[in-house]
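# Coordinate inspection notes
Next come the chains, spelled out residue by residue.
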Amino acid sequence: MTDQTTVHMWTDGACKGNPGPGGWGVLMTYGEHTKEMFGGDPLTTNNRMELLAVIRGLESLTRPSDVHLHVDSSYVMNGMTKWIHGWKRNGWRTADKKPVKNAELWQELEALIGKHQVRWEWVKGHAGDPGNERADQLANLGVDQVRG
């Protein structure tokens, strides 16, 4: 697909204390269109916010799409591209037989991924990528929203 038909999505999570108040942020572009979203939770973890950012972004798409997903979370990227197969095979348990943390979010994300053509790209956080920097700002707005 051409770049004009690809949804570019940058996601990020933030947490002030871990656990603590957290936020997620999403920046999406499609051709000339831009969409920004954010939200938060008063008591959460950074990993949950990273997962929720991707989930909220994907669930906002109204039809199956070609998605170029830019994440700075190796946890999310590795979870979806490497670890999930073993978790499922082991009944949502890790290699050392412990329950997978955030299993319900992983399952929700897997269902959403199945609706789209997703190309994963890891970007270094806080390193000047404009999309990642904006997603980080949005995630922090989510934190501010729940902290009042």
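Since we're looking at a predicted model, the values are computed, not measured. (Residues numbered from 1 in each chain as written. Predicted model: local features only at pLDDT ≥ 70, side-chain atom pairs only at ≥ 80, totals over all residues. Heavy atoms only, no water.)

### Digging into the environment of A103
Along the polypeptide, A103 turns up in helix α3 (residues 103-113). Taking the relative accessible area as the measure of exposure, A103 reaches 16% and is therefore buried. Along the sequence, A103 and I84 sit 19 residues apart, while their C-alpha atoms lie 9.7 Å from each other. (Helix = DSSP H or I, 4+ residues; strand = E, 2+ residues; numbered from the N terminus. Buried < 20%, exposed > 50% of the residue type's maximum accessible area, 1.4 Å probe, protein only.)

### Considerations on the sheet that holds strand β3 (residues 33-44)
Pairing within the open sheet is mixed, and its five strands lie in the order β3-β2-β1-β4-β5. Only two strands of the sheet have a single neighbouring strand rather than two, namely β3 and β5 (117-122). Shown here is a sheet whose adjacent strand axes are inclined to one another by a mean of 20°, direction ignored. The pairing of strand β4 (residues 66-71) with β5 spans six bridges and is parallel. Within β5, the position partnered with D66 by the bridge is Q117. In the packing of helix α1 (residues 46-59) onto the sheet, contacts are made with β1 (6-15), β2 (20-30), β3 and β4, and the angle to β1 comes to roughly 155°. Of the strands in this sheet, β1, β2 and β3 are in contact with helix α4 (residues 130-147), which crosses β2 at around 140°. (Pairing = 2+ DSSP bridges. Axes fitted to C-alpha atoms, helices over the stretch in contact; angles between N-to-C directions. Contact = heavy atoms within 4.5 Å.)

### Some thoughts on α1
Taking 1.5 Å of rise per residue, 14 residues should cover 20 Å, and α1 covers 20 Å from first to last C-alpha, within 8% of that figure. Every buried residue belonging to α1 is among M49, E50, L51, L52, A53, V54, I55, G57 and L58, and all of these are buried. (Expected span 1.5 Å × (residues − 1).)

### Describing the packing of α1 against α3
It is the contact of α1 with α3, at a shortest axis distance of 10 Å, that shows an interaxial angle of 30°. The angle between α1 and α3 falls in the class roughly parallel. Handedness of the α1/α3 crossing: left-handed. Across from R48, L51, L52, V54, I55, R56, L58 and E59 in α1, the residues of α3 making contact are E104, L105, W106, E108, L109, L112 and I113. (Parallel < 35°, antiparallel > 145°, perpendicular 65-115°, else oblique. Left-handed = near helix turned anticlockwise from the far one by under 90°.)

### Some points on the packing of aromatic side chains
Summed over the entire model, instances satisfying the criterion amount to four aromatic pairs. Between the aromatic rings of W83 and W87, the centroid separation amounts to 6.0 Å while the plane-to-plane angle is 50°, which identifies the pairing as tilted. Of this pair, W83 and W87 both sit in helix α2 (residues 74-89), four residues apart, which is roughly one turn of that helix. For W83, a relative accessible area of 38% puts it in the partly exposed group. Note on W87: relative accessible area 10%, which makes it buried. An aromatic cluster is defined as three or more aromatic residues linked by ring pairs; in this entry it consists of Y75, W83, W87, W92 and W106. (Phe/Tyr/Trp six-rings, centres within 6.5 Å; stacked < 30°, edge-to-face > 60°.)

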